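Notes for the structure review
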Amino acid sequence: MGKTRIITINAQNPEGEKIREAAEIIKRGGLVAFPTETVYGLGGNALDEHAAERIYSAKGRPQDNPLIVHIQSIDDLENIVEGIPKEAERLMKVFWPGPLTILFRKKPVIPAGTTAGLDTVAVRMPAHRVALELIKAAGVPIAAPSANISGKPSPTCAEDVYEDLYGKIDMILDGGTCPVGVESTVLDLSGPAPLILRPGGLTKEELENILGHVEIDPGLMPGEKPRSPGQKYRHYAPRARMTVVEGPLELQVGKIVELAKSLEKSGKKVGIMATAQTRHLYPHMTVFSVGDRNAPLTISSNLFSILRKFDRMGVDEILAESISKDGLGLAVMNRLNKAAGYNIIKA
Ligand code: AMP
Ligand code: MG
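The numbers attached to residues start from 1 for each chain and follow its sequence in the written order. Working convention: letters from A go to chains and numbers from 1 go to ligands, in the order in which they are written. In keeping with the model being predicted, local features are shown solely for residues with a pLDDT of at least 70 and side-chain atom pairs are shown and tallied solely at 80 or more, while totals for entire chains, interfaces and linings include all residues. Calculated side-chain values reflect all of the structure's heavy atoms, with hydrogen atoms and water omitted.

1. Description of the overall build of the protein chain
Secondary structure counts use DSSP, requiring at least four H or I residues in a row for a helix and at least two E residues in a row for a strand, with both numbered from the N terminus. When helices and strands are counted, the protein chain shows eleven helices and 17 strands. Here the globule rule is a power law, 2.2 Å times the number of residues to the power 0.38, and the radius of gyration is based on C-alpha atoms. For a compact globule of 347 residues, the expected C-alpha radius of gyration is about 20 Å, and the protein chain comes in at 20 Å, within 12% of that figure. Structurally, the protein chain occupies a C-alpha span of about 60 × 50 × 35 Å along its principal axes. Across the 347 residues of the protein chain, 55% fall into the buried class. Side-chain charges of the protein chain comprise 42 positive and 41 negative groups, with the mean position of each set lying 4 Å from the other. Type-normalised accessible area, obtained with a 1.4 Å probe on protein chains alone, sets the label of each residue: buried when under 20%, exposed when over 50%, and partly exposed for intermediate values. Charged-residue counts in this description rest on Lys and Arg as positive and Asp and Glu as negative, His and the chain ends being excluded. In plain terms, the charge of a residue is placed at NZ if it is Lys, CZ if Arg, CG if Asp and CD if Glu.

2. Focus on helix α6 (residues 129-138)
Taken together, the buried positions of α6 are Val-130, Ala-131, Leu-132, Leu-134, Ile-135 and Ala-138. Positive backbone phi, approximately 75°, marks Gly-139, located one or two places after α6.

3. Re the pairing of strand β16 (residues 317-321)
Burial analysis of β16 places five of its five residues in the buried class, the great majority of the element. The two faces of β16 match: Glu-317, Leu-319 and Glu-321 on one face and Ile-318 and Ala-320 on the other face are all buried. Think of it this way: DSSP has to see at least two bridges between two strands before they count as a pair. Sheet topology places strand β13 (residues 241-246) next to β16; five bridges connect them, and they run parallel. Note on β16: the bridge partner recorded for Met-242 is Ile-318. In the sheet, strand β14 (residues 270-274) pairs with β16 via four bridges, with the strands oriented parallel. From the neighbouring strand, Val-270 faces β16, where its bridge partner is Glu-317.

4. Some points on the site of ligand 1
The cutoff for a nearby residue is simple: one of its non-hydrogen atoms must lie within 4 Å of the molecule or strand. Looking at ligand 1, there are 17 residues lining it, with Thr-120, Pro-145, Arg-198, Ser-228 and Gly-230 nearest. Whenever a nitrogen or oxygen atom comes within 3.5 Å of another N or O atom, the pair is scored as a polar contact, on the condition that within protein one atom can donate a hydrogen and the other can accept it, and that pairs from neighbouring residues in sequence are kept only if both atoms are in side chains. Residue Ser-146 places a side-chain N or O atom 3.4 Å away from an oxygen atom belonging to ligand 1. One of the side-chain nitrogen or oxygen atoms of Ser-228 is found 2.8 Å away from an oxygen atom of ligand 1. Protein coverage of the free-state accessible area of ligand 1, which is 500 Å², stands at 96%. Secondary structure elements with two or more residues in the shell around ligand 1: β7 (120-124) and β11 (195-198). Classes in brief: Ala, Val, Leu, Ile, Met, Phe, Trp, Tyr, Cys and Pro nonpolar; Asp, Glu, Lys and Arg charged; the others, Gly included, polar. Its residues assigned to classes, the shell around ligand 1 comprises nine nonpolar, six polar and two charged. In these tables, accessible area is a Shrake-Rupley quantity obtained with a 1.4 Å probe, and a residue counts as shielded only by the protein chains included in the view.

If you want it as structure tokens, here you go:
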């Protein structure tokens, strides 16, 4: 593929003409990266096997990792799935549009190429005007994984997409930064209890308010076999080696300072991922605050962009504090631990 067009678009009030141009590309079987409230998606026609193939090839995505299908209205759902569980109906009413992906049995219109051969399809309705209007104008559901090279930190602004996919896709719609910053929560309702296959932007607590008890796939623990194919891969990873430090906060800080000093002595360039509460405790070191421990959305929205920033700076070793796994913290720690390849130490 040749050039990628980059179009700035108004996130609150997208210009119709730009949406129509992007929708034409999708209808023709091409690829458009667009903003959602979670991360940037790499969109193609979900009903077109060849568009799915192009998505896998642009991202270098493993063939067995199915794509999430995005729709713009709950009414679109019955065209693509078989049998909508009662719980799904309740959840969609409350949380769609939003960062919740639900698994359904797929109808034959969804090609095997989109679902990596599975007979289930993961569907969500994104809470972003650009995404919703693009899907509507395209007139088809849009398959969209994160718009990054497979394995790298997910893209939360158009520059991140450009860095990974320029020249490999037709268009990038630049609608600014993504407010949530981590991907959607993936939920399986087919078993005895609702099961989170991937923690994400909608919290376990929010789901439990509607469903009662919700479980987390035990396969998400290191060394286990996850139910969701995509969760088995090293993911979200910066070039640098990364270590996550757990334990009481003062001890985390002490451990990171100690590790940073010894790594620097051996000639390594070290980057520290701290929080608003602790940033000042690392004087004379390369340190960024990922956000405020009391406002987890500030942390989720910055997480991937800081990992990319460390890479751009040529950092060799990233040392990251950990946060509580309550609320959005569950998704944040899942991404951090995976980015570190589960290189976690206790302080
Ligand atoms: P991404 O596209 O990068 O946001 O990743 C999509 C995630 O959804 C991956 O972890 C996939 O494994 C998961 N997913 C998509 N479709 C299915 C499905 N039919 N069954 C289980 N997991 C799915
Ligand atoms: Mg991804």
